[in-house]
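Descriptive analysis of the structure
Residues per chain are reported as follows:
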Amino acid sequence: MTEKNRQTFYKKLAVTGLAFTLVGAGTAGLQSLHFTGEPMVSSAAAETYTTTANLNIRSGPSTSNAIIATVKQGTQLTVVGQAASGWLKVSYQGKTGYVSSQYVKKSVSSTTKTYVTTANLNIRSGPSTSSAIVVTVKQGTQLTSTEQAANGWLKVSYQGKTGYVSTQYVKESTGSSEPAPAPAASVYVATANLNVRTTASTSGAVMATLKAGTQLDVTAKAANGWLKITYQGKVGYVSGQYVRALAGMKVVSNPESIQVVVNKQNKLPENYVPKDLVYTTIPFTFKEQTEKKKMRSEAAAAIAQLFAGAKKQGVTLLGVSAYRSHATQSTLFSSYVQRDGYDKAATYSALPGTSEHETGLGIDVTKGDGTCAAQDCFGGTKEANWLDAHAAEYGFIIRYPKGKDAVTGYKYEPWHLRYVGKPVAQAIKSKGITLEEYYGIK
């Protein structure tokens, strides 16, 4: 046997765990090698080792023992004890066996850490802003990582996906058993018509102009009071002077529910449209057949019964505005902001996505002569008093009652009816509470 062939032969045998014998014994030693039983195994705390070559796991600490499994290089094994003659007792996929210690090494200890995002954040396919976006996560999202950050990026796992995030916008979780607190401000809104620019400066080109009330996907705070946002899949910048953070805003998970609570803290999914909108049969203050005459089918039937019941008791009502699409609400709110400013507009009009009119379950009504439509003068009228006393009989509530501004977020609106179904409406009426108080939510 040539020297080259001999070395190749030894290398192959080494993987079986016999190298420690062959180095000193030569081929003659191989012929006379035998084991007289399993050596004593000393107990040890379980540790993780990684194979440095493809390797056989055997039933005993010898190549004469049967092969239980063959594992590839890089496989992790749990070592539960040390045997004589350089063999290790290991556990793998529920089986116990032996491998040569020459072809495994102790794994570097890696601890999984949990991080929380401090802003809406892109997870990318590589450690660079030029890498593709895998997914965008909201501020307050928990991410896990088993690696150290390098060059300002961290490799993370999220919902079965792996990618990279900038360490500038994550912080290590405290390790508390309590769930991570909700972010102080997860939704931002434009408080005026606003330009989105290509750079954080008024010298940047205008990419788009957003209406007041538009909700923004803010991914970071840029220098000099500018915010970095994502809009229609593109990255841009807006002045923070005309943007406001909305603390605690959440997206409702049950938009199709008749009892859904939509308010300043609970918004509908973006561009939500009810599935069962129909035209109502009640008279309105206008003749045109527009979306404002629509309601969800159950609510439309109920409002027809309410109008008929009122008429029997000598009270004539007219509809003013029922359903509004997201686009309509955006235009309406923006016009109010232009007229009265953001803060005042927000006391009587809803941000797009937070209006009950977008649910198809709300409707504004007025007197039969059309006067005092959506105005304070409607309060105290015969029609308003009848609605307060009888609306619940038909499944409606006065959504924004007098003296409940702090709960509902809106001033008294005796003309705004909301369909919730008879049982809930009658319970709310009998207790003199709001929809928020009935469900114990904000």
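Everything below is about the structure shown above.
**What about the overall build of the protein?**
Along its length, the protein carries nine helices and 29 strands. Here the protein holds 442 residues, and 45% of them are scored as buried. A separation threshold of at least 6 residues defines the contact pool for the protein, and within that pool the share at least 24 residues apart is 58%. Accessible surface, the protein as shown: approximately 22500 Å² in total, 50% of it carbon and sulfur.

**Quick notes on the nonpolar core**
Among the nonpolar cores identified, the biggest contains 35 residues, and Met 295, Ile 303, Leu 306, Ile 363, Leu 387, Phe 396 and Leu 417 are the most heavily contacted of them. Where this core is concerned, the elements lending two or more residues are helix 3 (297–312), strand 27 (362–367), helix 6 (382–390), strand 28 (396–400) and strand 29 (413–419). Broken down by element, the residue count for this core peaks at seven residues, all from helix 3.

**Structural notes on the environment of Ser 85**
Structurally, Ser 85 is set in the loop between strand 4 (76–82) and strand 5 (87–92). Looking at Ser 85, the relative accessible area reads 41%, which means it is partly exposed. Placed 24 residues apart in sequence, Ser 85 and Pro 61 show a C-alpha to C-alpha distance of 8.2 Å.

**Considerations on the pattern of salt bridges**
Scanning the model with the defined rule gives eleven salt bridges in all. Asp 340 is the salt-bridge partner of Arg 339, the closest N and O atoms lying 3.1 Å from each other. As a salt-bridge pair, Arg 399 and Glu 436 come within 2.8 Å of each other at their nearest N and O atoms. Pair noted here: Arg 399 is in strand 28 and Glu 436 is in helix 9 (residues 435–439), with a separation of 37 residues, a long-range link. In terms of burial, Arg 399 and Glu 436 fall into one category: buried. Salt bridges here are not isolated pairs; linked through shared partners, they connect Glu 356, Arg 399, Arg 418 and Glu 436.

**Describing a nonpolar patch on the surface**
Among the surface-exposed residues, Tyr 438, Tyr 439 and Ile 441 lie close enough to one another that they form a single nonpolar patch of about 250 Å² accessible area. Of the residues examined, Tyr 438 reaches a relative accessible area of 30% and is grouped as partly exposed.

**Some points on helix 8 (residues 422–431)**
Those residues of helix 8 lying buried are Val 424, Ala 425, Ala 427 and Ile 428. Each buried residue of helix 8 sits inside an arc of 165° when the element is viewed along its axis, so together they form one side. Projecting away from the buried face of helix 8 at angles above 90 degrees are the exposed residues Pro 423 and Ser 430. Residues of helix 8 that are buried in the fold lie against strand 28 and helix 9. One or two residues past the end of helix 8 sits Gly 432, with phi positive at roughly 65°.

**Thoughts on the packing of aromatic side chains**
Per the counting criterion, the structure on display carries seven aromatic pairs. Measuring from ring centre to ring centre gives 5.0 Å for Tyr 400 and Tyr 410, while their planes differ by 55°; the resulting arrangement is tilted. Of this pair, Tyr 400 sits in strand 28 while Tyr 410 sits in the loop between helix 7 (405–408) and strand 29; the two residues are ten residues apart in sequence, bridging distant segments of the chain. Both residues of the pair, Tyr 400 and Tyr 410, belong to the buried class. The ring of Phe 286 carries the charged tip of Lys 292 above its face, separated from the ring centre by 4.8 Å.

**So, the sheet that holds strand 27**
With antiparallel pairing, four strands are arranged side by side in an open sheet as 26-27-29-28. The open sheet has two free edges, formed respectively by strand 26 (317–321) and strand 28, since each of these has just one partner strand. For this sheet the average axis-to-axis angle between neighbouring strands, irrespective of direction, equals 45°. Across three bridges, the pairing between strand 27 and strand 29 is antiparallel. Across the sheet, the residue bridging to Gly 362 is Arg 418, located in strand 29. Contacting strand 26, strand 27, strand 28 and strand 29, helix 6 runs over the sheet at an angle of about 35° to strand 29.

Conventions used here
Numbering of residues begins from 1 in every chain and follows the order in which that chain's sequence is written. Residues qualify for local features only when their pLDDT is at least 70, as the model is predicted, and side-chain atom pairs are given and counted only at 80 or more; totals for whole chains, interfaces and linings, by contrast, use all residues. Remark: hydrogens and water are excluded; side-chain values derive from all non-hydrogen atoms of the structure. By the criteria applied, helices consist of DSSP H or I runs no shorter than four residues and strands consist of E runs no shorter than two, each listed in order from the N terminus. Burial classes: relative accessible area under 20% of the type maximum marks a residue as buried, over 50% as exposed, and values in between as partly exposed (1.4 Å probe, protein chains only). Whether two residues are in contact is decided by their heavy atoms: any pair within 4.5 Å suffices. Throughout, the Shrake-Rupley method with a 1.4 Å probe supplies accessible areas, and for residues the shown protein chains are the sole cover considered. Residues enter a nonpolar core if they are buried and are Ala, Val, Leu, Ile, Met, Phe, Trp, Tyr or Cys, with the set joined through side-chain atoms within 4.5 Å. The salt bridge criterion pairs a side-chain nitrogen of Lys or Arg with a carboxyl oxygen of Asp or Glu, the two atoms within 4 Å. Patches draw on residues past 30% relative accessible area with no salt bridge. Two like charges within 9 Å are joined, as are two nonpolar side chains (Val, Leu, Ile, Met, Phe, Trp, Tyr) within 5 Å. Note that the arc is computed from the directions linking the helix axis to the C-beta atoms. Here a Phe, Tyr or Trp ring, Trp counted by its six-membered ring, pairs with any other such ring whose centre lies within 6.5 Å, and the pair is stacked when the planes are under 30 degrees apart, edge-to-face when over 60, and tilted otherwise. Any Lys NZ or Arg CZ that is within 6 Å of a ring centre and within 35 degrees of that ring's normal is treated as a charge sitting over the ring. In this scheme, strands are said to pair when DSSP sees at least two bridges between them. Working convention: axes come from line fits to C-alpha atoms, limited for helices to the stretch in contact. Angles between N-to-C directions cover 0 to 180 degrees.

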